[in-house]
Amino acid sequence: ALVLAVLVVYLVWVQWARYQRWLLIESLDPDKDSNLIRRISFYVEQPWMTEKSMEMTGLIRTYAIPAVSKVLVLSGGFEHEMERRFADMVFLIREFTERDSKSERAQRALKRVNYIHSQYPGITEETMLYVTSIFMVQTPLFFDEFSYYKLTDKQKESAYLGWMSFADAFGMTKHKHVWLSYDHVVQWKQDYEDKHMVYHPCNEKVAKTTMGYFIDAAPKFLHPVIHVILSSMLEMCGTNYREALGFDAPPAWLPPIIAGALYAQSFLMYNLLPPRSLDKAATRTAAQPLNPPKDKDASTVGCSFVPTSSVGHGNNMYLNDGYVIEDLGPRHLDKGCLASSYTFVKRKKEQ
């Protein structure tokens, strides 16, 4: 009886703590606190689900669009330096999403992304809009379908406002006219995929290279099993999506089981475990450079930053010597180059 009473008290306390966390999020203003709301919602409340949703239905989903996969193949070296390319992408995104988008470091990361994109004329504004829409709405959509933890309208609004500001920094203009709300973005993304998500050999090449990178971190005897599980997760998110990437159909019974397991995992985590500490909302990028300038007010351009956590999958890139923001990206591109916001007609290069 005592054990049962203690268990009941614990479960009630967990629900109370969850409610307090909900009150905290609801007390924040999406216009002023979108960055904090996003960090709490995704990286504190459901970090594992967020990571998997972005890997399986975010990052790889963009590869199902030939306009995206062709550029990645054109960039060269994708198969041979996957570990570094993946780490560079993740750390650039962390640099501008985990701090104020107006800060010096966030601006440098955004300009580095602009410079990288400016080297590939095949990137159109429509393509960039689609990729941005994936980062904006794909994780909330994944939560809606496969997670017990559902995002509120305020949390979705924060994701919308945050990525709208990044779209401005990327030099896009069309989003201001077609993305009037979160729901508009969801519909626009669906319409784009209905029109452009088709099979192409480049899709398959890039997707299977990335999947291989994810699988390699596991023991070899598990690779065939993991491959089928990953194929099932693609199928869960749409047969057209899986087919556009060139993956074989998994056993029909497996996707529903994986979907149920994802829901059960989030249900148990939400109801049996108290909210994670808000310390987890801290940025995963270093606050100070490895080799800080003597003048505290001096720019940190050219300084190395050691991340506080890896990008996962056994990838420990930059955990010892750090990275220079202006040097991240494909190896053959010039180091130290940034590009201001551009209009996809004329791209400006600057040091």
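Residues take numbers from 1 onward in each chain, read along the sequence in its written order. Where totals are concerned, whole chains, interfaces and linings use all residues; where local detail is concerned, this predicted model gives features only for residues with pLDDT of at least 70, and gives and counts side-chain atom pairs only at 80 or more. Side-chain calculation: all heavy atoms of the structure are included, whereas hydrogens and water are not.

## Section: the overall build of the protein chain
Then, number 1: Regarding its fold elements, the protein chain presents 14 helices and 2 strands.
Then, number 2: Atoms counted for the radius of gyration: C-alpha only. Globule rule: 2.2 Å times the number of residues to the power 0.38. A compact globule built from 351 residues should have a C-alpha radius of gyration of about 20 Å, and the protein chain, at 21 Å, falls within 12% of that.
Then, number 3: Classification of the 351 residues of the protein chain by burial places 51% in the buried group.
Then, number 4: Where accessible areas are quoted, they stem from the Shrake-Rupley method and a 1.4 Å probe; at the residue level, only the protein chains shown are allowed to cover. Carbon and sulfur atoms form 60% of the exposed surface of the protein chain, whose accessible area is close to 16700 Å². By the criteria applied, helices consist of DSSP H or I runs no shorter than four residues and strands consist of E runs no shorter than two, each listed in order from the N terminus. Burial here depends on accessible area, computed with a 1.4 Å probe over protein chains only, as a share of the maximum for the residue type. Under 20% is buried, over 50% is exposed, and the range in between is partly exposed.

## Topic: a nonpolar patch on the surface
Then, number 1: Patches draw on residues past 30% relative accessible area with no salt bridge. Two like charges within 9 Å are joined, as are two nonpolar side chains (Val, Leu, Ile, Met, Phe, Trp, Tyr) within 5 Å. Any Lys or Arg side-chain nitrogen located within 4 Å of an Asp or Glu carboxyl oxygen qualifies as a salt bridge. On the surface, a nonpolar cluster with roughly 1200 Å² of combined accessible area is contributed by L4, L7, V8, Y10, V12, W13, W16, Y263, F267, L268, L272 and L273.
Then, number 2: Those elements that provide at least two residues to the nonpolar patch are helix 1 (2–27) and helix 14 (254–272).
Then, number 3: If you tally residues by element for the nonpolar patch, the top one is helix 1, at 7 residues.
Then, number 4: Along the polypeptide, V12 turns up in helix 1.

## Overview of the side chain of R242
Then, number 1: Tracing the backbone shows R242 in helix 13 (residues 239–244).
Then, number 2: Contacts are residue-level and defined by heavy atoms, with any inter-residue pair within 4.5 Å sufficient. Each residue touching R242, except ones within four places of it in the same chain, is listed here: S231, L234, E235, F247, D248, A249 and P250.

## Notes on helix 14
Then, number 1: Given a helix with a known number of residues, its expected span is that number minus one, times 1.5 Å. In this model, helix 14 (19 residues) spans 26 Å end to end at C-alpha, consistent with the 27 Å of a helix rising 1.5 Å per residue.
Then, number 2: Burial in helix 14 covers these residues: L254, P255, I258, A259, L262, S266, M269, Y270 and N271.
Then, number 3: Those residues of helix 14 that are buried are in contact with helix 1, helix 2 (30–45), helix 3 (47–62), helix 7 (125–146) and helix 12 (223–236).

## Re the side chain of R112
Then, number 1: Here R112 lies in helix 6 (residues 104–118).
Then, number 2: His is not counted here, nor are the chain ends, while Lys and Arg score as positive and Asp and Glu score as negative. Buried and without a salt bridge, R112 has D327 as its closest oppositely charged side chain, separated by 5.6 Å.
Then, number 3: Polar contacts, as used here, are pairs of N or O atoms within 3.5 Å; protein pairs need one atom able to donate a hydrogen and one able to accept it. Residues neighboring in sequence count only if both atoms are side-chain atoms. Within the structure, R112 has its side chain in polar contact with the backbone oxygen of L328 (distance 2.7 Å).
Then, number 4: Aside from chain neighbours lying at most four places away, what touches R112 is L92, I325, E326, D327, L328, D334, K335, G336, C337 and L338.

## What about the nonpolar core?
Then, number 1: Among buried residues, those of type Ala, Val, Leu, Ile, Met, Phe, Trp, Tyr and Cys that are joined through side-chain atoms within 4.5 Å constitute a nonpolar core. Counting 89 residues, the largest nonpolar core has I60, Y63, F96 and L245 as its most contacted members.
Then, number 2: Residue contributions to this core peak at 9 residues, all from helix 7.
Then, number 3: Here I60 is in contact with E55, A207, T210, M211, F214, L234, Y241 and L245, once residues within four sequence places are set aside.

## Focus on the packing of helix 1 against helix 14
Then, number 1: Orientation is described by lines fitted to C-alpha atoms, with helices fitted over the stretch in contact, and by angles between N-to-C directions that extend from 0 to 180 degrees. Between helix 1 and helix 14, the shortest axis-to-axis distance is 8 Å and the interhelical angle comes to 95°. When the axis of helix 1 is compared with that of helix 14, the two are roughly perpendicular. On helix 14, the residues that touch Y10, L11, V14, Q15 and R18 of helix 1 are M269, Y270, N271 and L272.
Then, number 2: Of the residues assigned to the contact of helix 1 with helix 14, the class counts are 6 nonpolar, 2 polar and 1 charged. Any angle that is under 35 degrees is reported as roughly parallel, and any over 145 degrees as roughly antiparallel; angles of 65 to 115 degrees are reported as roughly perpendicular and all others as oblique. Following the grouping adopted for this structure description, the nonpolar residues are Ala, Val, Leu, Ile, Met, Phe, Trp, Tyr, Cys and Pro, the charged ones are Asp, Glu, Lys and Arg, and the polar ones are all others, Gly among them.

## Things to note about the environment of V306
Then, number 1: Along the chain, V306 turns up in the loop between helix 14 and strand 1 (338–339).
Then, number 2: For the pair formed by V306 and V9, sequence separation is 297 residues and the distance between their alpha carbons is 42 Å.

## Let's talk about the environment of V186
Then, number 1: Within the secondary structure layout, V186 lies in helix 10 (residues 182–196).
Then, number 2: Among all residues touching V186, those that are not within four sequence positions of it are V137 and L141.

## A look at the packing of aromatic side chains
We describe a pair of aromatic rings using the distance from one ring centre to the other and the angle between the two ring planes.
Then, number 1: The pairing test for Phe, Tyr and Trp rings, Trp by its six-membered ring, is centres within 6.5 Å, and the orientation test on the planes gives stacked under 30 degrees, edge-to-face over 60, and tilted for anything in between. Under the definition given, this model contains 23 aromatic pairs.
Then, number 2: Relative to W13, the ring of Y10 has its centre 6.1 Å away and its plane inclined at 40°; by these criteria the two rings are tilted. In this pair, Y10 and W13 are both assigned in helix 1, 3 residues apart and thus about one turn of the helix distant.
Then, number 3: Relative to F143, the ring of F42 lies with its centre 6.2 Å away and its plane at 75°, an arrangement referred to as edge-to-face.

## Some thoughts on the pattern of salt bridges
Then, number 1: Scanning the model with the defined rule gives 20 salt bridges in all.
Then, number 2: Note that E95 and R105 form a salt bridge whose closest N and O atoms lie 2.8 Å from each other. Separated by 10 residues along the polypeptide, E95 in helix 5 (residues 82–97) and R105 in helix 6 bring together distant segments of the chain. Taken as a pair, E95 and R105 share a single burial class, namely buried.
Then, number 3: Close ionic contact of R108 with E104 constitutes a salt bridge, the shortest N to O distance being 3.6 Å.

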